[in-house]
Amino acid sequence: MHIQVVSLATGLIAVAQVVGAAPAAKCKPKRNVELGPRPEYLIRDMDDGPLKDKLSSCLDQEAKTSKFSIGHRGGAVLQFPEETVESFVAGTRMGAGIQECDVAFTADRELVCRHAQCDLHTTTNILVTPLAAKCTTPFTPAADGKPATARCCTSDITLVEYKTLCGKMDGYNASATTPEDFLDGTADWRTNLYSEQCGTVLSHKEFIELVDDMGLEFTPELKLPDVEMPYDGDYTQEMYAQQMIDEYKEAGIDPARVWPQSFVFSDVAYWLAHEPEFGRQAVLLDDKGNTPQTFPGAIANLSFYKESGVQVIAPPLPYLVTTDENDNYVPSEYAITAKELGFKIITWSLERSPPLKRVAEEGDYYYMYMLNGTKHDGDLYELVDVLSREISVLGIFSDWSATVTYYANCFGIL
Ligand SMILES: *[C@@H]1O[C@H](CO)[C@@H](O)[C@H](O)[C@H]1NC(C)=O
Ligand SMILES: *[C@@H]1O[C@H](CO)[C@@H](O)[C@H](O)[C@H]1NC(C)=O
Ligand SMILES: *[C@@H]1O[C@H](CO)[C@@H](O)[C@H](O)[C@H]1NC(C)=O
C-alpha cells in the first residue's frame, strides 16, 4: 500500500537536534546493559556508507541505558512473552530506559498489564486452565472450514485468578481442534524458547514496583475497553483513567518519570485537565491515518491536537517516513508538520515485523508507506537514523530494545 505524499524534506532539514526527556527524577538504572549479537548482525547487513562506518565504530563501546530506547510490552517481545516479568527484565538488560505496561482492568476493577482487554486466549494459557470456563466466548474447535475461536477478557476474571495464568508468545492456531493446539501460533521468526514454562504476568501495581526497582521510567497505556463503559453500571472511563494515575501517586512516583499514553483523545484531554503534572507528558497515540484515504486527515488533525494542549504525539513508524525518488527513507509530510508544530514525537514499533526481506516481498503495516526503501535487515538502522537525526524523535518503542539502545549509545543520546 502506497501513498503519494510530497516530501518537503529535501534540503530543509539539516542538523538533527536531540531533544532530551525531562531531567531524571531520582531515577538511576541499576543494571549493567548488554546488547548481544543483533546490532552487529544488522550493521554488517547495512549498505556501505557513512552511517555504517559510524555504527561500526561503536562496536566495542560500553552499553548504557537510554530513554531513547522504549521497551515495547517489555522490550524483548521478539523472543519473550509480552508484558511478563521476563520480558521487562530482558528489555531492561538491553538498555530500555522507559518501560511500557498496557493497562486493562479485571472483573474486580484491578489494573493489569495486557495489550488488550480481550487477548488472554492468545497471550496466556487460560484455555487449558479451569478459568477457561469463565471466558466471554469459550473455545470452539475449527470445523467445516471455519476457524477455531475463543475470546477471554481480563474482565472475565479477578486479579487473584489472573495471577494464576502464564504469559506466552502472542498467537494462535486457527486450525486447532483442541485448546492445546489453539495455543500454538508463534510466528516462525519469533521463538518459544522463553515461553514453554510460565511467563510471569503482573498487575499494574507490580509493574510500577518492578520498573521503579530497576530505576527506569514508565509509559502505561490506557487500553480502550472491550466492554461497554460504564462497566458494571458505574465504572466510568474517567474513573479508569484516574485509577491508572492514582497508582503512580500511591507508589510515590515523580510524575516526571511517567508518560501516560492513550489512542483516545478524550483520555489525554482528561489528564491535561485533571492531572496536569501527568498530562504534561501524556502521549497521544495516533492511528487515524492507516489508509492513503485517511492519512491526509490525520495530518490535518495535528494542529487541533496542538491547540488542545497535547505535547507528545506518537504515530506508528510509517506515518513518519516515506521514500524519495531514489528509494531512500525521508521524513513524511506528517513528520514535517508535527515537527513544525513543536510536538515531541515518539514512534512505534521497531523490530515488530518479520525479517525485512519478507516485509519487502509481502508488505507490512509498519513499513506500509516506505516499502520502496525496505529491502533487507540492515535498513532498520537507516530508518532509525532518519527518525533520530531528521525527525528528532524523543524515543522509539522496540520489540528488541538492544537495537535502539545501540544506536542511542553510538550517537550519545541519553
Ligand atoms: C494446529 O492445529 C491442528 C489441528 O488441531 C494441528 O493438526 C496442527 O498441528 C496445529 N499446528 C500447530 C502449529 O500447532
Ligand atoms: C481528529 O481527531 C478527533 C479527536 O481524536 C477524532 O475523533 C477524529 O476522527 C480525527 N479526524 C481525523 C480525520 O483523523
Ligand atoms: C515505489 O516505486 C514504484 C516503482 O518505481 C513507483 O511507481 C511508486 O510511485 C513508488 N512509491 C512511492 C511511495 O514512492
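Sequence order as written defines residue numbering, which begins from 1 separately in each chain. Starting at A for chains and at 1 for ligands, labels are handed out in the order in which the entities are written. Whole-chain, interface and lining totals are the exception, using all residues; otherwise, since this is a predicted model, local features are given only for residues with pLDDT of at least 70 and side-chain atom pairs are given and counted only at 80 or more. Remark: hydrogens and water are excluded; side-chain values derive from all non-hydrogen atoms of the structure.

Visitor: Teacher, can you tell me more about the site of ligand 1 here?
Guide: Here a residue is considered near a molecule or strand provided that any single heavy atom belonging to it is located within 4 Å of it. Neighbouring ligand 1 are the residues Asn-173, Ser-175, Ala-176, Thr-177, Asp-181 and Asp-184. Pairs of N or O atoms are called polar contacts if they sit within 3.5 Å, as long as, within protein, a hydrogen donor faces a hydrogen acceptor (for residues adjacent in sequence, only side-chain-to-side-chain pairs). Within the contact set of ligand 1, an oxygen atom lies 3.3 Å away from a side-chain nitrogen or oxygen of Asp-184. For ligand 1, whose free accessible area comes to 360 Å², the fraction covered by protein is 51%. Polar here means any residue other than Ala, Val, Leu, Ile, Met, Phe, Trp, Tyr, Cys and Pro, which are nonpolar, and Asp, Glu, Lys and Arg, which are charged; Gly is therefore polar. Partitioning the shell around ligand 1 into residue classes produces one nonpolar, three polar and two charged. We get accessible surface area from the Shrake-Rupley algorithm with a probe of 1.4 Å; when it comes to residues, only the shown protein chains can shield them.

Visitor: Looking at this structure, I do not really get the site of ligand 2. What am I missing?
Guide: Around ligand 2 sit Phe-265, Lys-288, Gly-297, Asn-301 and Tyr-305, and that is every residue in its neighbourhood. The contact in question runs from an oxygen atom of ligand 2 to an N or O atom on the side chain of Asn-301, over 2.3 Å. Contact with the protein chains hides 56% of the accessible area of ligand 2, taken as 360 Å² for the molecule alone. It is helix H11 (residues 295–307) that provides the largest number of residues to the shell around ligand 2, a total of three residues. Strands here mean DSSP runs of E at least two residues long; helices mean DSSP runs of H or I at least four residues long; both are numbered from the N terminus.

Visitor: Can you walk me through the pattern of salt bridges in this structure?
Guide: A side chain with one charge may pair with a side chain of the opposite charge, provided their charged atoms come close. Every case where a carboxyl oxygen of Asp or Glu lies within 4 Å of a side-chain nitrogen of Lys or Arg is listed as a salt bridge. In total, this model carries 19 salt bridges according to the counting rule given. Between Glu-351 and Arg-38 there is a salt bridge; the shortest N-O distance is 2.7 Å. Within this pair, whereas Glu-351 is found in the loop between strand E14 (344–350) and helix H14 (356–362), its partner Arg-38 is found in helix H1 (residues 38–44), the two being separated by 313 residues in sequence. Accessibility here uses a 1.4 Å probe with only protein chains present; expressed as a share of the type maximum, an area under 20% marks a residue as buried, one over 50% as exposed, and anything in between as partly exposed. For Glu-351, a relative accessible area of 5% gives the class buried. Ionic pairing is found between Lys-134 and Glu-161, a salt bridge with its closest N-O pair at 2.7 Å. Of this pair, Lys-134 sits in the loop between helix H4 (120–123) and strand E4 (137–140) while Glu-161 sits in helix H5 (residues 159–162); the two residues are 27 residues apart in sequence, bridging distant segments of the chain. Classification of Lys-134 by relative accessible area gives partly exposed; the value is 41%. Judged by its relative accessible area of 18%, Glu-161 falls in the buried class.

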